[in-house]
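# Analysis of the macromolecular model
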Amino acid sequence: MMDSLMLDALLAGLCLAVMTAPLGVFVVWRRMSYFGDSLAHSALLGLAIALWLNIAHFLAIAAVSVLIVIVLMVLQKKQSLPNDTILGIFSHTALSTGLVMISLLDTPNVDLMQFLLGDILSIGPSELWLLASLSLIVPITIALTWRALLLMTVHCELAQVEGIAVTRIHLIFSLLLAFVIAMGMKVVGILLITSLLIIPPATARRFAKSPEHMVFLSFAISCCSILAGILASFWYDTPPGPSIVVGAASLFIVAWSLPRRL
Amino acid sequence: MNSSPIIQVHDIHVKRQGKWVLQNVSFELFPKQIMTLIGPNGSGKTTLLKVVLGLTKPNQGTVRKQAKMNIGYMPQRLSINTTLPITVEKFLLLGKHRKKSHVADKMAEIGISHVASHPIQSISGGELQRVLLTRALLNQPHVLILDEPTQGVDVNGQAELYELISHIRDAYDCAVLMVSHDLHLVMAATDQVICLNNHICCSGHPNSVSQHPAYLSLFGDAANNIATYTHHHNHHHDIDGSIVTHPKASDDG
């Protein structure tokens, strides 16, 4: 019984790493970690709506994230306030609204910690299937838009002049990010999902020789962190989400303390 | 020869944050012509380029371009996040149907082969400008649009870069529309100057513009010191400032 639980957790972790590696490198390159954080915080609003309406968590979270992605894109186009101010207002408003809504629920015993910090060891078969299918869609979409995304990262207007539909590509990327954050909530939780997006790429940067190389290194590092976190949680009964992040952070510190050429 | 304009800009007005950045701007760019936009900071030069490129929608006015026209664009500044591990060659290969051999040829032509395998964040300002120029040339442009091509380049390098641009015009038979700050340098390397200060103050051949009262009042003392830059040194510096013997020596090392 324990073995199958662990196997499910490992599979879920693998699926998540397949998605966070190619998305995470772009989050780092395009300085979008605050954007990721905001999406993650708004996931709690989605969760509250799901609990209120009694619908599937992922569905509500994804819907709220998609809505927020679109509203943010519209607001950013207007440039009435600085980007980070808009993100900050959104992220905390959504988080607080979610918490208030959950507290008003008739069923008061919602285990918030499970959503804030994740619980990879309690992942069910339906969630695993969802994760598995997303883990096919995300890398394939990134691979198809790879050059466009990379050129936009280098210089957005240059990309536009060279005929890339930058708004569409940016929307696709943001939506993928929203889905992955919604899914990742189960694994490492709302508070920690961004760390899985940025710490492995930041570690990989130390040794990466090309953009593609950095994606593969990030994937390997994510897998190691997730494995370490799950094992630690199993052996020492530590919370799995934070254990995974501690694992990733340890690898980061080791990587940047090592001499560059191994 | 083909004398119809390849770009026609007509009566452009652009308003940003309640202020008119561009008003009543019209001009025509002809094949093989080098046209330079000069003007003080905030005069709308970059905005005008963006309107021509289709990146900014004007509040009023039209930009007509010849059908099937390739535009090579060189942006003003490229600040690439150091977390992105990308070499110069890889950057130039980013795009549709780019062949390694073609990119290598262009790098050799512009004289940046020696930095091909360097991380793009590590090369000098002059080298970066040449890399951007190389990229602009990759898809056989009919028009080059250059936003301050000599930014971050020392004076000798600037003269050399302008020389390279007029060489490119001849080699590629393309028109050039560029923004520049370098008054005295650009005078020698341009066919037509537009002096911009939210509207077109004056325009014409560089010699006539430099005598124009509107130009003189806009640039004041700086304008009085202009001598068209034509003198020659007994040796030659490349864009990094090191001495070279041939103006366009390409480094195969």
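Residues numbered from 1 in each chain as written. Chains lettered and ligands numbered in written order. Predicted model: local features only at pLDDT ≥ 70, side-chain atom pairs only at ≥ 80, totals over all residues. Heavy atoms only, no water.

### Topic: the state of the cysteines
Residue and element names in this part refer to chain B. If you walk through the whole model with that rule in mind, you get 0 disulfides over all chains. The closest cysteine sulfur to the non-disulfide-bonded cysteine 202 is located on cysteine 195, 4.3 Å from its own sulfur. A relative accessible area of 5% places cysteine 202 in the buried class. (Disulfide = S-S within 2.5 Å. Buried < 20%, exposed > 50% of the residue type's maximum accessible area, 1.4 Å probe, protein only.)

### With respect to the layout of surface pockets
Counted as a void, the largest pocket has a volume near 1600 Å³. Forming the walls of the largest pocket are 40 residues, and the residues nearest its centre are Gln76(A), Lys77(A), Gln79(A), Asn83(A) and Cys156(A). Counting only elements with at least two residues in the lining of the largest pocket, the list comes to helix H2 (33-53), helix H3 (57-78), helix H4 (83-103), helix H7 (146-154), helix H8 (156-161) and helix H9 (166-188) of chain A together with strand S1 (7-16) of chain B. The element best represented in the lining of the largest pocket is H3(A), accounting for 6 residues. Within this model, the second largest pocket holds a volume of roughly 610 Å³. Around the second largest pocket, the lining comprises 33 residues; the ones closest to its centre are Val161(A), Glu162(A), Gly163(A), Lys96(B) and Asn139(B). It is H7(A) that provides the largest number of residues to the lining of the second largest pocket, a total of 4 residues. (1 Å grid on protein atoms, 1.4 Å probe; cavity = no way out; pocket = protein on both sides within 12 Å on 5 of 7 lines; lining within 4 Å. Points joined across faces, edges and corners; volume = space filled by probe spheres on them. Helix = DSSP H or I, 4+ residues; strand = E, 2+ residues; numbered from the N terminus.)

### A look at a nonpolar patch on the surface
Taken together, the side chains of Trp52(A), Leu53(A), Ile55(A), Leu59(A), Val100(A) and Leu104(A) present a nonpolar region at the surface, about 620 Å² in accessible area. Tracing the sequence through the fold places Leu104(A) in the loop between H4 and helix H5 (112-117). (Patch = residues over 30% accessible without salt bridge, like charges linked within 9 Å, V, L, I, M, F, W, Y side chains within 5 Å. Areas by Shrake-Rupley, 256 points an atom, 1.4 Å probe, with all protein chains shown as cover. Salt bridge = Lys/Arg side-chain N within 4 Å of Asp/Glu carboxyl O.)

### Some thoughts on the sheet that holds strand S7 (residues 175-179) of chain B
Picture the strands of a sheet paired through backbone hydrogen bonds; they go either parallel or antiparallel. Residues and elements named next belong to chain B. One open sheet accounts for 6 strands, arranged S5-S6-S7-S3-S8-S9; its pairing is mixed. Every interior strand has two partners, whereas the edge strands, strand S5 (71-74) and strand S9 (200-204), have only one. This sheet shows a mean twist of 10° between the axes of neighbouring strands, independent of strand direction. Note that strand S3 (residues 34-38) and strand S8 (residues 192-196) share 4 bridges and pair parallel. Considered in S8, the bridge of isoleucine 38 is made with cysteine 195. Across the sheet, helix H1 (residues 45-53) touches S3, S5, strand S6 (143-147), S7 and S8, and the angle it forms with S6 is around 150°. Lying over the sheet, helix H4 (residues 125-137) contacts S5 and S6, oriented at roughly 165° with respect to S5. (Pairing = 2+ DSSP bridges. Axes fitted to C-alpha atoms, helices over the stretch in contact; angles between N-to-C directions. Contact = heavy atoms within 4.5 Å.)

### Remarks on the sheet that holds S1(B)
All names here are of chain B. Taken together, the 3 strands give an open sheet; going across it, the order is S2-S1-S4, and neighbouring strands pair in antiparallel fashion. Of all strands in the sheet, those with a lone pairing partner are strand S2 (19-29) and strand S4 (60-65), marking the two edges. Each strand axis lies, on average, 20° off the axis of its neighbour in the sheet, ignoring direction. Direction of pairing for S1 relative to S4: antiparallel, over a ladder of 5 bridges. Within S4, the position partnered with histidine 10 by the bridge is threonine 62. Contacts from H1 reach S1, S2 and S4, with the element oriented near 60° to S2.

### Remarks on the packing of aromatic side chains
For the structure shown, the criterion picks out 6 aromatic pairs over all chains. Relative to Phe173(A), the ring of Phe26(A) has its centre 5.9 Å away and its plane inclined at 75°; by these criteria the two rings are edge-to-face. Within this pair, whereas Phe26(A) is found in helix H1 (residues 2-29), its partner Phe173(A) is found in helix H9, the two being separated by 147 residues in sequence. Between Trp29(A) and Trp146(A), the aromatic rings sit 6.4 Å apart at their centres with planes inclined by 65°, giving edge-to-face as the arrangement. In this pair, Trp29(A) sits in helix H1 while Trp146(A) sits in helix H7, placing the two residues 117 residues apart along the sequence. What makes Trp29(A) buried here is its relative accessible area of 2%. By the ring-pair criterion, three or more aromatic residues cluster together here, those being Phe26(A), Trp29(A), Trp146(A) and Phe173(A). It is Arg30(A) that lies over the ring of Phe173(A); its NZ or CZ is 5.7 Å from the centre. The ring of Phe91(B) is capped by Arg135(B), whose NZ or CZ atom sits 4.9 Å from the centre of that ring. (Phe/Tyr/Trp six-rings, centres within 6.5 Å; stacked < 30°, edge-to-face > 60°. Lys NZ or Arg CZ within 6 Å of the ring centre and 35° of its normal.)

### Things to note about the packing of H7(A) against H9(A)
All names here are of chain A. Contact pair H7 / H9: the axes reach a minimum separation of 10 Å and the direction vectors enclose 105°. Here H9 runs roughly perpendicular to H7, going by the angle between their axes. Here H7 contributes Ala148, Leu149 and Met152 to the contact with H9, which in turn contributes Val166, Ile169, His170 and Phe173. When the residues that make up the contact of H7 with H9 are grouped by side-chain class, the tally is 6 nonpolar, 1 polar and no charged. (Parallel < 35°, antiparallel > 145°, perpendicular 65-115°, else oblique. Nonpolar A, V, L, I, M, F, W, Y, C, P; charged D, E, K, R; others polar.)

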